[in-house]
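Architecture and fold: a report
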Amino acid sequence: MTIKLDPLVSEFETQDQADSYDAWVRERIERSMKDDRPRVPHDEAMARITALIEAKTRNAG
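Below or above, wherever it landed, is the structure these notes cover. (Residues numbered from 1 in each chain as written. Predicted model: local features only at pLDDT ≥ 70, side-chain atom pairs only at ≥ 80, totals over all residues. Heavy atoms only, no water.)

Description of the side chain of Thr 14
- For Thr 14, the location among the structural elements is in the segment before α1 (15-34).
- Its relative accessible area of 10% is what places Thr 14 among the buried residues.
- Of note is the side chain of Thr 14, whose polar atom sits 3.1 Å from the backbone nitrogen of Gln 17.
- Ignoring anything within four residues of it in the chain, the contact list for Thr 14 reads Thr 2, Ile 3, Lys 4 and Leu 5. (Helix = DSSP H or I, 4+ residues; strand = E, 2+ residues; numbered from the N terminus. Buried < 20%, exposed > 50% of the residue type's maximum accessible area, 1.4 Å probe, protein only. Polar contact = N/O pair within 3.5 Å; in protein donor to acceptor, adjacent residues only side chain to side chain. Contact = heavy atoms within 4.5 Å.)

A few points about the pattern of salt bridges
- Within the structure shown, the criterion is met by five salt bridges.
- Between Lys 34 and Glu 30 there is a salt bridge whose closest N-O contact spans 3.3 Å. Of this pair, Lys 34 and Glu 30 both sit in helix α1, four residues apart, which is roughly one turn of that helix.
- Here Glu 44 ties to Arg 48 by a salt bridge, and the two come within 2.5 Å at their closest N and O atoms. Taken as a pair, Glu 44 and Arg 48 lie in helix α2 (residues 42-60) at a separation of four residues, close to a single helical turn.
- The exposure class assigned to Glu 44 is partly exposed, which follows from its relative accessible area of 37%. (Salt bridge = Lys/Arg side-chain N within 4 Å of Asp/Glu carboxyl O.)

Right, here's the structure in full:
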């Protein structure tokens, strides 16, 4: 049985969709926590993203 969710309460139409998304997020988090690659500090990650955005903006212009 599919349970419809209230759009004022949930971004998902059904409980099945919400459960599926929850399982996907949990799996991604678990995989990330088990990743043994070195961590990237927040400031460095943001600098990389900013540089990427700026390069894409220049190339699109």
